[in-house]
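Observations on the model geometry
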Amino acid sequence: MNLNIEEIPTPSIVIDLDILEENIRKMAQYCRSVKCNLRPHAKAHKNPFVARKQIEAGAVGLCCQTLEEVEALVLGGVNSEILFTNMVSTKTAIERLLTLCKNGDVMITLDSLENGENLARAARHRGLVLDFILEVNVGQNRTGSEPGEEAASLAFELSRTEGLRFRGLMGYEGHLQTSIPEFDKRKKEVHSALSKLQKSIEEARKLGLDPEIVTAGGSGTYNITAEVPGVTEIQPGSYIVMDARYNLIDTLGRDFKNSLFLISSVVSTRGDDRVIIDMGWKACSLEYQIIGYDGMPKAVGYDPGEITYSPGGDEHGILKIAQGVEASRRPKLGDRIKFIPSHCDTTVNLYSKFYGVRKKGEVEIVCPIARR
Ligand SMILES: Cc1ncc(COP(=O)(O)O)c(C=O)c1O
């Protein structure tokens, strides 16, 4: 393809494919070294092109959080086992999920008898048996059955339901991914959270169940969770692209490099200290500020504080240029400015395609972000 990063329209997102592949390789290598399976989460990329690279590097399958992601992978030819880590409850969503289970190799996640029975009934109607993972709440307080005996007896009940087959347990410690920057403190909390998953394994075994899969972990906990006894696989997602929030997490920012960037253009310069770019609310996600973090994208090539982004409306971003920035480094009209997004998942979701670039900025692939 004869296109260079300097020629792509703005605002856009680009992925540095060399860095992406290095991140994929590193995570796969780490998992191999600790003998833990890797089932990366596709929520950060939603893309069969990237999923295939992860599988080729050794992933046992993928995780998806939305039906659209499952569709993008299954219809995109990814034929490794997919774990749908979310739940659906409406009749139409159940039917859509079952179509995917039939076409691909898709495991579902359950946390209630009622939903399990609804899915089992729909599966029986289609002559299907659904493989399920029982989700255990290990502290995020989102979905998931209460741990220990409750989770085990629910898994047992569901395993006896015609149309369902028990495969294992999931305990995603989402509340610990970015909240504790210091590795040792995070490790302690992860061990405490996952002891609930371990207790659930123990109780399930007492009932004669054999959890063949025990899945947990994200990018912020990957090198803790993968080494927790009982865990058979981890499901990190963001590590392939990283973002400004994850850069602040001890070890992670060193282990994996940013491969996802926002490219914007300067559309107006107002005096020495204010520059307007074409990247506003519609082009970069800023929601982290709602939960008390710095949710702003970070300009590449500038020290912290030299350029500060703030939204200036749907299509505008306002950059405050610090006084100390020399005139030669101040962005000029028409310049392109590269940013690291604050949150990769929600930023990717704003775009219909990404530009995959190699060294010297050559665009190798323009990849649709299918079925957002
Ligand atoms: C269930 C589940 N698993 C795995 C992940 C991956 O986490 P991360 O992108 O932080 O690696 C997420 C992210 O939200 C998730 O919800």
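Residues numbered from 1 in each chain as written. Predicted model: local features only at pLDDT ≥ 70, side-chain atom pairs only at ≥ 80, totals over all residues. Heavy atoms only, no water.

Digging into the site of the ligand
If you check the shell around the ligand, you find 13 residues, and the closest are Ser219, Gln235, Gly237, Ser238 and Tyr246. Within the side chain of Gln65, one N or O atom sits 2.8 Å away from an oxygen atom of the ligand. Contacts to the ligand include Gly237, whose backbone N or O atom sits 2.7 Å from an oxygen atom. The fraction of the free accessible surface of the ligand (390 Å²) that becomes covered by protein chains is 93%. Taken together, the residues of the shell around the ligand break down into 3 nonpolar, 8 polar and 2 charged. (Near = heavy atom within 4 Å. Polar contact = N/O pair within 3.5 Å; in protein donor to acceptor, adjacent residues only side chain to side chain. Areas by Shrake-Rupley, 256 points an atom, 1.4 Å probe, with all protein chains shown as cover. Nonpolar A, V, L, I, M, F, W, Y, C, P; charged D, E, K, R; others polar.)

A few points about the nonpolar core
Counting residues in each nonpolar core, the largest one holds 104 residues, and the members touching the most others are Leu134, Ile234, Ile277, Tyr309, Leu319 and Phe339. Summarising the domain contributions, this core has at least three residues from each of domain 1 (18-240) and domain 2 (255-368). When neighbours within four sequence positions are excluded, Leu319 is seen to be in contact with Asp273, Arg274, Val275, Ile277, Ile307, Thr308, Tyr309, Ile337 and Phe339. Membership of the second largest hydrophobic core comes to 10 residues, among which are Ile5, Ile8, Ile340 and Val357. (Core = buried A, V, L, I, M, F, W, Y, C linked by side-chain atoms within 4.5 Å. Buried < 20%, exposed > 50% of the residue type's maximum accessible area, 1.4 Å probe, protein only. Domains from an automatic or database assignment. Contact = heavy atoms within 4.5 Å.)

Some details on the pattern of salt bridges
Any two side chains of opposite charge can pair if their charged atoms end up close together. Scanning the model with the defined rule gives 24 salt bridges in all. The shortest N-O distance in the salt bridge between Lys43 and Asp345 comes to 3.2 Å. Here Lys43 is found in the loop between strand E2 (37-38) and helix H2 (48-56), whereas its partner Asp345 is found in helix H11 (residues 344-348), with 302 residues between them in sequence. Note that Lys199 and Glu203 form a salt bridge whose closest N and O atoms lie 3.0 Å from each other. On the criterion of helical spacing, the pair formed by Lys199 and Glu203 is a turn pair, its members being 4 residues apart in helix H7 (residues 183-206). Taking the relative accessible area as the measure of exposure, Glu203 reaches 7% and is therefore buried. A network of salt bridges, in which partner residues are shared, links Arg39, Glu81, Asp131, Arg165, Arg167, Glu212 and Glu233. (Salt bridge = Lys/Arg side-chain N within 4 Å of Asp/Glu carboxyl O. Helix = DSSP H or I, 4+ residues; strand = E, 2+ residues; numbered from the N terminus.)

Concerning unusual backbone geometry
Each neighbour pair has its own omega, and for Thr10 with Pro11 the value is -5°, a cis peptide bond. As for its placement among the helices and strands, Pro11 is situated in the segment before strand E1 (12-16). Positive phi values are uncommon outside glycine, yet Asn141 reaches one of about 55°. Take Asn141: it is sitting in the loop between strand E6 (130-135) and helix H6 (149-159).

Describing helix H1 (residues 17-33)
If you check H1, its first and last C-alpha atoms are 24 Å apart, about what 17 residues at 1.5 Å a residue would give, namely 24 Å. Every buried residue of H1 is accounted for by Leu17, Leu20, Asn23, Ile24, Met27, Ala28, Tyr30 and Cys31. The arc that holds every buried residue of H1, seen down its axis, measures 160°, which confines them to one face. Opposite the packed face of H1, turned more than 90 degrees from it, sit the exposed residues Arg32 and Ser33. (Expected span 1.5 Å × (residues − 1). Arc of directions from axis to C-beta.)

As for helix H3 (residues 67-75)
Counting buried positions along H3 gives 7 out of 9 residues, so the element sits mostly inside the fold. Its buried side turned inward, H3 meets H2, strand E3 (61-64), strand E4 (81-84), helix H4 (91-103) and strand E5 (106-110). Gly77 occupies a position one or two residues after H3 and carries a positive phi of about 90°.

Some details on the packing of H4 against helix H5 (residues 113-125)
Here H4 crosses H5 at 55°, and the two axes come no closer than 10 Å. As the angle between them shows, H4 and H5 are arranged oblique. The hand of the H4/H5 crossing is right-handed. Where H4 approaches H5, its residues Ile94, Glu95, Leu97 and Leu98 are matched on the opposing element by Asn118, Leu119, Ala122 and Ala123. (Axes fitted to C-alpha atoms, helices over the stretch in contact; angles between N-to-C directions. Parallel < 35°, antiparallel > 145°, perpendicular 65-115°, else oblique. Left-handed = near helix turned anticlockwise from the far one by under 90°.)

Considering the domain arrangement of the protein
Accessible area lost upon the coming together of the parts serves often as the stated size of an interface. Domains assigned within the protein are domain 1 (18-240) and domain 2 (255-368). Facing the 22 residues of domain 1 at the interface are 17 residues of domain 2. Summing the contributions of domain 1 and of domain 2, the shared interface buries around 1600 Å²; its carbon and sulfur component is 48%. Between domain 1 and domain 2 we count 4 salt bridges in total. Its salt-bridge partner being Lys359, residue Asp18 comes within 3.5 Å of it at the nearest N-O pair. Put simply, the parts of the chain that give the side of domain 1 that touches domain 2 at least two residues each are H1, H2 and helix H8 (222-225). If one sorts the elements of the side of domain 1 that touches domain 2 by residue count, H1 sits on top with 7 residues. (Buried area = accessible area lost by both parts, 1.4 Å probe.)

Digging into the environment of Asn47
Note that Asn47 resides in the loop between E2 and H2. With 271 residues separating them along the chain, Asn47 and Ile318 place their C-alpha atoms 31 Å apart. Within the local environment of Asn47, its side chain forms a polar contact with the backbone nitrogen of Phe49, the two atoms lying 2.8 Å apart.

Let's talk about the side chain of Arg186
In this fold, Arg186 is placed in helix H7. Of the side chains with opposite charge, Asp250 lies nearest to the buried Arg186, which makes no salt bridge, at 5.9 Å. Here Ile180 takes part through its backbone oxygen, which lies 2.7 Å from a polar atom of the side chain of Arg186. Excluding anything up to four places from it in sequence, Arg186 contacts Leu176, Gln177, Ile180, Pro181, Gly220, Ile224, Ile249, Asp250 and Thr251. (Lys, Arg positive; Asp, Glu negative; His and termini not counted.)

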